[in-house]
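The primary structure of each chain is shown beneath.
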Amino acid sequence: MNWLDKLERKLGRFAIPNLTVYLLVAYVIGFGIVRLMPEMIVYLTLEPSLILRGQVWRLISWILIPPTTNVISLVFLVLLYYSLGTALERTWGSFRYNVYIFSGLLFTVIAVFLLYAFYFFRYGVEVPLSMVGMIGTNYITMSIFLAFAAIYPDMEVMLYFILPIKMKWMALVYVVLAAFYFIDGSLGERVAIGASLLNFIIFFVSSRNLRRFGPREQVRKARFKRQAAPHMKYANGAKHRCAVCGRTELDDPCLEFRFCSKCNGNYEYCQDHLFTHEHVK
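A brief structural summary. Since this is a predicted model, take the numbers as computed values, not measurements.

## A closer look at the overall build of the chain
Across its full length, the chain holds 11 helices and 4 strands. Burial analysis of the chain (281 residues in total) assigns 37% to the buried set. Surface accessibility of the chain: about 17300 Å² in total, with carbon and sulfur atoms responsible for 64%.

Following this line, the structure appears as structure tokens:
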């Protein structure tokens, strides 16, 4: 059991269901603020110097800053990320999805504060917003896209409801664009991109069982392949053969084959004889 399983057993009841909806609603609210009251944006930004002076709402209000100010782009973004986010939540469960989103937001806040501390202690100055750049949730949504593409790489989506394209190719384009903006963009963009990608990497690496990549597991797999190889080569290149009827996957591609754990030896059977054969002792 990895750390996420243990954490879910203790805190799973506090997970927020349908978190994607709340995130997208925040975008829509922020879009309305940009269009109707653009002067209010300066009170929403993530600025450590002002947060340390008591404006603690900025720790949360920066989430309202929309990824786009174009209404058509916002509509496509809401439709796309609603489907991706809800599918990802159904796959992982609400708790893991919550951890993924909130850790991305947390990493962004920590990165901005570390940047502020670096400039303050090294140069004795506070970093103005114009120097850092606007910190928004653009790359939090990108991390949602990357996570979905990592789980369903061959799923096709209709780009702008017209062009069918697989998720893995769209994710590749996203990564290339993120690399370009990281090199050519503002300091704020670099912080946001680095935090979101760090969240993606840490979450996937730490939540998966990596023991199968260890030396012992690799030796075990190699030994099994050597032992199984002589029993997995049949006439005409077949890899499976039923020990009762002698049929292979070449005779019928719909046949399924399984080894019997109760037989003494490597005996493989088709689905018609897996439960009806006499066990070899």
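Once the structure has been displayed, the description carries forward.
## Concerning the packing of helix α5 (residues 71–92) against helix α8 (residues 138–151)
Across the interface, α5 lies against α8 with an axial gap of 10 Å and an inter-helix angle of 55°. For the element pair α5 / α8, the angle class is oblique. Our pair here, α5 against α8, has a crossing hand that is left-handed. Each of Y81, L84, G85, A87, L88, T91 and W92 in α5 lies in contact with α8, whose residues at this interface are T141, M142, I144, F145, A147, F148 and I151. Split by residue class, the contact of α5 with α8 holds 11 nonpolar, 3 polar and no charged.

## So, the environment of G32
Within the fold, G32 resides in helix α2 (residues 19–36). Look at G32 and you get partly exposed, because its relative accessible area is 24%. For G32 and L64, which are 32 residues apart along the polypeptide, the C-alpha to C-alpha distance reads 9.8 Å.

## Looking at the nonpolar core
Counting residues in hydrophobic clusters, the biggest one holds 49 residues, and the most contacted among them are W92 and I144. Within the residue set of this core, elements represented by two or more residues are α2, α5, α6 (94–123), α8, α9 (167–184) and α10 (187–206). Counting residues per element, this core draws most heavily on α6, which supplies 10 residues. Apart from residues lying up to four places away in sequence, W92 is in contact with Y97, Y100, A147, I151, F203 and F204. C242, C260, C263 and C270 belong to the second-largest nonpolar core, a separate cluster that totals 8 residues.

## A few points about the packing of aromatic side chains
The description of an aromatic ring pair rests on the distance of the ring centres and on the angle between the ring planes. One pass over the structure, following the stated rule, counts 3 aromatic pairs. Between W92 and Y100, the aromatic rings sit 5.2 Å apart at their centres with planes inclined by 70°, giving edge-to-face as the arrangement. Here Y100 falls in the buried class, since its relative accessible area comes to 0%. With a centroid separation of 4.3 Å and 10° between ring planes, the pair formed by F145 and Y174 is classed as stacked. With F145 in helix α8 and Y174 in helix α9, this residue pair connects regions lying 29 residues apart in the sequence.

## Digging into the pattern of salt bridges
Going through the model one piece at a time under the given rule, you end up with 4 salt bridges. Here K168 makes a salt bridge to D154, at a shortest N to O gap of 3.1 Å. Pair noted here: K168 is in helix α9 and D154 is in the loop between α8 and β1 (156–159), with a separation of 14 residues, a long-range link. The class for K168 is partly exposed, based on a relative accessible area of 32%.

Conventions adopted
Residues numbered from 1 in each chain as written. Predicted model: local features only at pLDDT ≥ 70, side-chain atom pairs only at ≥ 80, totals over all residues. Heavy atoms only, no water. Helix = DSSP H or I, 4+ residues; strand = E, 2+ residues; numbered from the N terminus. Buried < 20%, exposed > 50% of the residue type's maximum accessible area, 1.4 Å probe, protein only. Areas by Shrake-Rupley, 256 points an atom, 1.4 Å probe, with all protein chains shown as cover. Axes fitted to C-alpha atoms, helices over the stretch in contact; angles between N-to-C directions. Parallel < 35°, antiparallel > 145°, perpendicular 65-115°, else oblique. Left-handed = near helix turned anticlockwise from the far one by under 90°. Contact = heavy atoms within 4.5 Å. Nonpolar A, V, L, I, M, F, W, Y, C, P; charged D, E, K, R; others polar. Core = buried A, V, L, I, M, F, W, Y, C linked by side-chain atoms within 4.5 Å. Phe/Tyr/Trp six-rings, centres within 6.5 Å; stacked < 30°, edge-to-face > 60°. Salt bridge = Lys/Arg side-chain N within 4 Å of Asp/Glu carboxyl O.

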